[in-house]
Amino acid sequence: MMTTRRSFLQKAGLASAAALLSPSVITSALAQYPKVSKIGLGLFTLREQLTADVKATIEHVAKIGYNQVETYYGYPGKYEVKGFWGLEAKDFNALLKANQLTSPSGHYNTTEFLSTGNDKVLKTHIEVANSVGQKYFVIPALPTDVRTNGSLDDYKKMAAKFNTAAEWCKDAGMKLAYHNHNFEFKDQGNGATGYDILLNETDAKLVGFELDIFWAVNAGLNPVEMFKKNPGRYKMFHVKDMDKQDKSVFTEVGTGVINFKEIFAASKTAGLEYLFAEQDLIKKEPFESVTESYNYIKNHLV
């Protein structure tokens with residue numbers, strides 16, 4: 001086909017414009033598109049609904065549009081139920097499949113292992129996670145004594161146990177991950193924090209991190225700077241927003257003060273593989289809340 005003068009000039013103009021763009025500008029533009037496209041939900045958000053009717057709740061989650069779910073398992077007290085809200089792993093798998101959902105990640109109660117070193121429950125939970133096809137076995141929090149007044153030495157002990165558990169996860173074809181709150185970021189002198197210990201003293205090939213964006217921002221951290229400092233370590237995000245008037249209050253994604261667009265633009269640097277909308281406490285009808293968060297993530301972040 002003959003090239004017209006107009007089309008030649010248009011192409012020449014585009015080439016000139018491209019030549020003027022520095023690699024950093026091009027990289028910044030490409031970074032606007034996270035490699036993740038599926039939207040997950042942290043099921044702890046709907047713990048009351050799951051306990052009441054697991055099948056109806058999972059069906060509702062799928063109808064909203066979520067593609068994935070993150071489970072929680074073995075939690076004590078009020079939310080302690082057999083299996084996955086009364087279902088054995090095979091039946092829970094069937095329920096997910098029937099609703100075109102997958103579960104790449106799960107939170108498991110690891111308190112006994114982290115506190116005493118007894119690995120019986122931990123190894124049982126790793127088997128459970130493997131049986132539902134999860135890629136990440138997540139430690140949701142540290143023992144209470146470490147949470148409240150853990151020293152840097154305590155965090156070193158936690159990191160060593162993470163590495164041990166991560167080897168067992170590897171044997172099961174999974175990877176270990178740690179989910180933060182805000183206490184890990186406490187300055188313990190000269191800027192040293194427990195979170196830094198966990199990052200620096202765990203095997204990067206075996207241990208990933210699930211960044212709860214709310215809690216990091218609550219503690220005064222900039223997630224983008226965190227990604228730059230430890231690129232590739234942040235395999236998952238927990239996505240919930242922070243109330244405009246009170247930074248201790250959770251709110252639906254897109255309605256608060258957190259700049260998620262900036263954070264998601266750096267998702268490649270983070271190493272992001274999965275994201276889960278999650279909200280510990282909800283002030284409105286729960287399904288309305290998770291729908292609102294889903295719509296913002298779908299329309300603005302992925």
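Chemist: Any chance you could break down the sheet that holds strand 2 (residues 68–73) for me, citing the residues and the numbers?
Modeler: The strand order 1-2-3-4-5-6-7-10 describes a closed barrel built from 8 strands, whose pairing is parallel. The sheet shows a mean angle of 30° between the axes of neighbouring strands, direction not considered. In this structure, strand 1 (residues 40–42) lies alongside strand 2, joined through 3 bridges in parallel fashion. Considered in strand 2, the bridge of L41 is made with V69.

Chemist: Go over the side chain of T71 with me, naming the residues and quoting the values.
Modeler: For T71, the position within the fold is in strand 2. Take T71: its relative accessible area is 1%, and that puts it in the buried class. Of note is the side chain of T71, whose polar atom sits 2.9 Å from the side chain of Q134. Excluding residues that lie within four positions of it along the chain, T71 makes contacts with L43, F84, W85, F92, S103, S105, G106, H107, Y108 and Q134.

Chemist: Quick rundown of the nonpolar core? Include the residues and the values.
Modeler: A general trend in soluble globular proteins is that nonpolar side chains are found buried together. Among the nonpolar cores identified, the biggest contains 83 residues, and Y234 and F237 are the most heavily contacted of them. Element by element, the count of residues in this core is highest for helix 9 (residues 152–171), at 7 residues. In contact with Y234, other than residues within four places in its own chain, are Y195, L199, F209, L211, M226, F227, A270, G271 and L272. Within the second largest apolar cluster, 6 residues are counted, among which are Y136, A177, M236 and F276.

About the cut-offs
- Residues numbered from 1 in each chain as written.
- Predicted model: local features only at pLDDT ≥ 70, side-chain atom pairs only at ≥ 80, totals over all residues.
- Heavy atoms only, no water.
- Pairing = 2+ DSSP bridges.
- Helix = DSSP H or I, 4+ residues; strand = E, 2+ residues; numbered from the N terminus.
- Axes fitted to C-alpha atoms, helices over the stretch in contact; angles between N-to-C directions.
- Buried < 20%, exposed > 50% of the residue type's maximum accessible area, 1.4 Å probe, protein only.
- Polar contact = N/O pair within 3.5 Å; in protein donor to acceptor, adjacent residues only side chain to side chain.
- Contact = heavy atoms within 4.5 Å.
- Core = buried A, V, L, I, M, F, W, Y, C linked by side-chain atoms within 4.5 Å.

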